[in-house]
Structure formats: C-alpha cells, structure tokens
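Structural description and commentary
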Amino acid sequence: MSDLSKLIKGELIRLYKYKILIVGIIVSLLWVLIIGLSDKESIEGIIPMLIFMDAGMMSILLIAASFYLEKQEGSIKSLLIAPVKLLDILISKVIAALILSLISTTLVLLSAILIHNTTVNIILLYLYVIITVVSHISIGLVITLYSKDFGSMIGLYAAFAFISLIPSIFYTIEIIPESFSTVLLISPSHAGQMLLNSAFKTVDVLIIIISILYLIIIPSLLYPLVIYKKFKKYAIEG
Amino acid sequence: MKHVFEVKNLRFKYPKSNEETIKGVSFSVEEGKIIGLLGPSGAGKSTTQKILIKLINDYEGEILYNGKNLKSYNKAFYEEVGVGFEMPVHFNKLTAVQNLKYFSSLYKKNIDYIELLKKLNLGDDMNKEVGQFSKGMKVRLNFARALLNDPKVLFLDEPTAGLDPTNARIIKDLILDFKSKGNTVFITTHLMGDVEQLCDEVIFIRKGEITEKSTPRDLKLKYGTKEVMLEYQNNSKIEKKNFLMEGLGNNQDFLNLIKNVELETIHSGETSLEDIFIKVTGDSKYE
C-alpha cells in the first residue's frame, strides 16, 4: 500500500471515529427529506443548491474544523515527523473530504431520481462536484491557516459564506437580473452552483467555461503558493 | 569518533520576531551518546530541536547529518529518527494501539509496540481512547511513538515530565538501553536529575547562544569548589568544617579531626547541575 493510500485510510478512519462521517450522512439525509417534501417543479432548482451546500460550504467547514482539531490534538505533528511527503498529507485530506462529499452527493442524487425521476447528466455532475469540492477545500484550508483560534476561524468562515453566498441567493430569487450572471461568477460559490446547475438544466456555455476555469485556477494558485508553504509552519506552531 | 550531527554557525529568526532566536550556535553530537540541551524557557532549545528534526528548514548556517547536509535528506530521514514531543501528539478518539498501529504503518521498520506499551505500564490501558489518558500516560505513549520505527537517533523533549518516580525510572532505563545499542539521544529537559543520570554531555543555551558545553562531571568540577565538608559530633552538637582538597593528606587539622571525632557525614564540594544551570544560564536573581 502506498503512503498516500495509508494516509487516506487514516483520514477516513479519523472521519469515522470523530463522527464527522456520521454528521455528514445525517445532513445528507436531511437533504433527502427536503427533496421528498418538495414538489417536482421546484426540485430542479433545489437539488443543485443542496449538493452545493455539501460540496462547497460543508467541505470548507469540514476541512477547517478537522484540521483545527488535528492541530489542537498535536496529531498533525506526529504525521510531520513520519516518512511521508507533506504533499501526500495534503492530498489525503482533500481526497477524504471529497469521498465524504461524493457519498452525500450520491444520497441526494439517488433520492432525487427515485422520488422525482429527475434527469441529470451524472458524469458531468460528479466531475463538477469534484471541481467544486477541491476548490472550496483550498479556500477552507486558507481560512484555517489564517485563523489565530477557533473563534477567528468561524468568523472568517461566516464572512466568506456571507460574501460568497449572498450573490447566489439574490440571483436565485431573481433580485439580481440574469444579465449580471457572468459578473457574479467572481464568487466561487456562485461559480460552483452554476456548474452544478448545468448538470440538471441548460446553462450558458460561456458561464460553464468561466466557472470551470475559475474553480480550477483557485486551487492551482492556493495549494502551491499559500497552503503548501504555510501548512507546516502552522501545524508546528504553539 | 563519528558525529551524527554537526551544527555550524546555526542562525534562525522567526519572521515576526525582531531578534534572532538562534544566534550562531555550533556543536556536534557524537554517535552513541546522550546529549542534553538545557536552558531556560525561550532560550532556543525547542527551535534548535525543530531545526534538527527538519520541521524548520529556513535557517542559516550548516547542519550535517551523518556527514551530509541535512537539507539534502528527504522523507527517508524520518525512518532513522524518532521524536518524542512534550505535548500530546495522538488522535484522542483512537485507542493507544490504534494510534500506534496507524503511525507504524507509515514506516518500513517497526518494533513490537504492544510489548513496549506493556513495558511502559500501559498494557492495561492500551485499548482505551487516548482522550481518556492522564497526562503521565500520554507522556509514556509519546515515548512509545518515538521508538515506533526502531530509530537510530532519538529526540526527546521533557521525556519524564509529569511522571511518577517509578514510571520515570522505566523511561530512563529504556533510554539507557537504547543508548547501549550504539544509538544517539538528544534530550531537552528542565529536570537536572534526569540530566545527571542520563547525559554524557550537556549544552547550556541562553538567549540563542551556547553558554557552556561539557560533560556533567567536568562541569561539576569546574563550577564546584575543591573542598571537603565534614559534619561531626562535638559535645552532643553537630558541627561542620570545610577543608581544601589540595594537600588534604598532610592537613593536620583534617587528620586530627577524622581521628578524634565521631563523623556524621563527609561531602565533597562539587556543585549540583541545578546550581550550574542557574549560573550559566544567567538568572542573576539566583546567582
């Protein structure tokens, strides 16, 4: 078994033991309940939003809380003095969070198909979930790395959620006209949600391309330039 | 004589600090020895240790590990090195065995950690979640974590802090056993008793600079007074008298005293490492 496989296995065991996996599944079941109670007409708009809540906002919260906890316990130090690459440690965290998100997406998707016979491009949906999760986890890690304590982490998360989600919500309830859709893509959350929307219904190709590029550029810059450089220093502080 | 570590003019400054934490420190660590790095809080001991275990890489100066630049080593370095942190480093929701099983899976070489847990008096608790462990139990588990990969070099930060004398003795015996196999140990501690019992050489560090470096014995001779103190009974009273060691065999006062009085105690005037610590790390309040 490679180092990366061992680290991923360790991360999944941790997610299970710390009940993060269970909480994730419970939240997904809550989404399933919402889907079950919704009518067929409104479900097309609700499902991408619910999937985004898991792939985007929950991923940020999960990675931030999980890494913070690991630092508090000191277990991250134990990993840093093991013969594994820092890059593998980071990748294992991203993959574990991705697995959690894919489980949730599958539960939501299955319930939508079984209850409402929803049509969806499954391959594109999973691809867009992966892009959304990886980009939002990079944002979650940056939030953690720049937080002095748990309070400031929650504060930064709330600020990000507010700034990022407001445009999406205003757009969804049509306060912001559709002509502003491209400008709103500045919000990673809006870009993620537009991508997930496009797996269920027709979305402008230009918006899809911009969203994909934007959500790929964010982690491509954050992982090497911020996270990789700051991760070790943050982990051994204190 | 082979040096495991050779540190030459080591300098390091934390980005937000105005002053260097390590100011041109040089020393070497001989293979098969136990080296104590001693000094008051904030002296730079932990930073030095973090640099030696490659947790901090942006330092100035040169560090050779087995003759090769430390910076040239990759993750394989950690196959040979064991680190025992002072603070807890385990997953609280996992048992001691689950923690060690996971971490041992990351190394090529492993020891029988169940046997080690039993030696450390953790046999009965090894299937308990680490979160339920007392501070002393966590310290012992940290020690087990450090030995997990059967290392050649061991870094220990306060390895007996918070332990009762019996468990502290067990840890010290295991350290000496580790050394007897030709391995090297690097200890940072405030407990001078541990230093006296374990260290072959000590390095005192203060404000990022080495203030003294020698064997505990030589330090005691250097900082102690070369005299003998006698306590004896005189008319039902205990009296004390000091004599210089030089020419002691011809000192008639001394010879008369030991012939004619009932001696209670005889002490040589060597100073304790605690006194030396205070003297060389410069806390003038106690000098």
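Residues numbered from 1 in each chain as written. Chains lettered and ligands numbered in written order. Predicted model: local features only at pLDDT ≥ 70, side-chain atom pairs only at ≥ 80, totals over all residues. Heavy atoms only, no water.

Turning next to the overall build of chain A. Looking only at helices and strands, chain A features 10 helices and 0 strands. Beginning at the N terminus, the succession of helices and strands in chain A can be written as α-α-α-α-α-α-α-α-α-α. Within chain A, the fraction of its 238 residues that count as buried is 53%. Taking all contacts inside chain A whose residues are at least 6 apart in sequence as the whole, residues at least 24 apart take part in 76%. Summed over all atoms, the accessible surface of chain A reaches about 10600 Å², with 74% contributed by carbon and sulfur. Looking at charge distribution, chain A has the averaged site of its 16 positive side-chain charges lying 15 Å from that of its 14 negative ones. (Helix = DSSP H or I, 4+ residues; strand = E, 2+ residues; numbered from the N terminus. Buried < 20%, exposed > 50% of the residue type's maximum accessible area, 1.4 Å probe, protein only. Contact = heavy atoms within 4.5 Å. Areas by Shrake-Rupley, 256 points an atom, 1.4 Å probe, with all protein chains shown as cover. Lys, Arg positive; Asp, Glu negative; His and termini not counted. Charge placed at Lys NZ, Arg CZ, Asp CG, Glu CD.)

We now examine the interface of chain B and chain A. Contacts between the two partners involve 26 residues from chain B and, on the opposite side, 23 residues from chain A. Taken together, chain B and chain A are joined by 1 salt bridge. Connecting chain B to chain A are 9 residue pairs in polar contact (both at pLDDT 80 or more). When residues of the side of chain B that touches chain A are traced back to their parent elements, those giving at least two are α2 (77-80) and α3 (96-104) of chain B. A total of 3 residues in the side of chain B that touches chain A trace back to one element, the largest contributor, which is α3 of chain B. Classifying every residue of the side of chain B that touches chain A gives 15 nonpolar, 5 polar and 6 charged. (Salt bridge = Lys/Arg side-chain N within 4 Å of Asp/Glu carboxyl O. Polar contact = N/O pair within 3.5 Å; in protein donor to acceptor, adjacent residues only side chain to side chain. Nonpolar A, V, L, I, M, F, W, Y, C, P; charged D, E, K, R; others polar.)

Right, let's get into the layout of surface pockets. Remark: the empty space left among the atoms is shown by a probe the size of a water molecule rolled over them. In this model, the largest pocket occupies a volume close to 500 Å³. Along the walls of the largest pocket sit 18 residues, with K233 and I236 of chain A together with F12, Y14 and I56 of chain B positioned nearest its centre. The set of elements that each furnish at least two residues to the lining of the largest pocket consists of α10 (205-236) of chain A together with α1 (45-52) of chain B. Class assignment for the residues of the lining of the largest pocket results in 8 nonpolar, 3 polar and 7 charged. The space that makes up the second largest pocket amounts to roughly 420 Å³. The wall of the second largest pocket is formed by 18 residues, among which Y171, E178, M194, N197 and K201 of chain A lie closest to the centre. Among the secondary structure elements, those contributing two or more residues to the lining of the second largest pocket are α7 (150-172) and α9 (188-198) of chain A. When residues in the lining of the second largest pocket are grouped by element, the largest group, 4 residues, is from α9 of chain A. Tallied by class, the residues present in the lining of the second largest pocket amount to 6 nonpolar, 8 polar and 4 charged. (1 Å grid on protein atoms, 1.4 Å probe; cavity = no way out; pocket = protein on both sides within 12 Å on 5 of 7 lines; lining within 4 Å. Points joined across faces, edges and corners; volume = space filled by probe spheres on them.)

When its domains are assigned, chain B resolves into domain 1 (3-215) and domain 2 (225-269). Computed over C-alpha atoms only, the centres of domain 1 of chain B and domain 2 of chain B are separated by 44 Å. (Domains from an automatic or database assignment.)

Looking now at helix α3 (residues 40-73) of chain A. Residues and elements named next belong to chain A. In this model, α3 (34 residues) spans 47 Å end to end at C-alpha, consistent with the 50 Å of a helix rising 1.5 Å per residue. At M58, α3 shows its maximal bend, which comes to roughly 40°. With its phi angle positive at about 85°, G74 sits one or two positions after the end of α3. (Expected span 1.5 Å × (residues − 1). Bend = angle between axes of the 7 residues up to and from the residue.)

Residues and elements named next belong to chain B. Strand order in the open sheet formed by 6 strands is β6-β7-β8-β3-β9-β10, and the pairing between neighbours is mixed. Each having just a single partner strand, β6 (81-84) and β10 (209-214) make up the two edges of the open sheet. Strand-to-strand, the axes of this sheet are offset by a mean angle of 15°, without reference to chain direction. In this structure, β6 lies alongside strand β7 (residues 153-157), joined through 4 bridges in parallel fashion. The partner of V83 across the bridge, within β7, is F155. Its contacts with the sheet put helix α10 (residues 273-280) on β3 (34-38), β9 (201-206) and β10, and the angle it makes with β9 is roughly 35°. (Pairing = 2+ DSSP bridges. Axes fitted to C-alpha atoms, helices over the stretch in contact; angles between N-to-C directions.)

On to the packing of helix α6 (residues 122-145) of chain A against α10 of chain A. Residue and element names in this part refer to chain A. Closest axis-to-axis distance for the α6/α10 pair is 8 Å, and the angle between their directions is 35°. Relative to α10, the crossing made by α6 is left-handed. Between α6 and α10, the residues in contact are Y128, I131, T132, V134, S135, I137, S138, I139, L141, V142, T144 and L145 and I208, I212, L215, I218, P219, L222, Y223, V226, I227, K230, F231 and Y234, respectively. Per-class residue counts for the contact of α6 with α10 are 19 nonpolar, 4 polar and 1 charged. (Left-handed = near helix turned anticlockwise from the far one by under 90°.)

This part is about a nonpolar patch on the surface. Residue and element names in this part refer to chain A. Taken together, the side chains of V205, I209, L213, I217, L221 and L225 present a nonpolar region at the surface, about 570 Å² in accessible area. Checked against the element boundaries, I217 lands in helix α10. Overall, I217 belongs to the partly exposed group, its relative accessible area being 46%. (Patch = residues over 30% accessible without salt bridge, like charges linked within 9 Å, V, L, I, M, F, W, Y side chains within 5 Å.)

Residues and elements named next belong to chain B. Look at helix α8 (residues 216-223) against α10: their axes get within 10 Å of each other, and the N-to-C directions meet at 70°. Classified by the angle between their axes, α8 and α10 sit roughly perpendicular to one another. Where α8 approaches α10, its residues P216, L219, K220 and Y223 are matched on the opposing element by L273, I276, K279 and V280. Its residues assigned to classes, the contact of α8 with α10 shows 6 nonpolar, no polar and 2 charged. (Parallel < 35°, antiparallel > 145°, perpendicular 65-115°, else oblique.)

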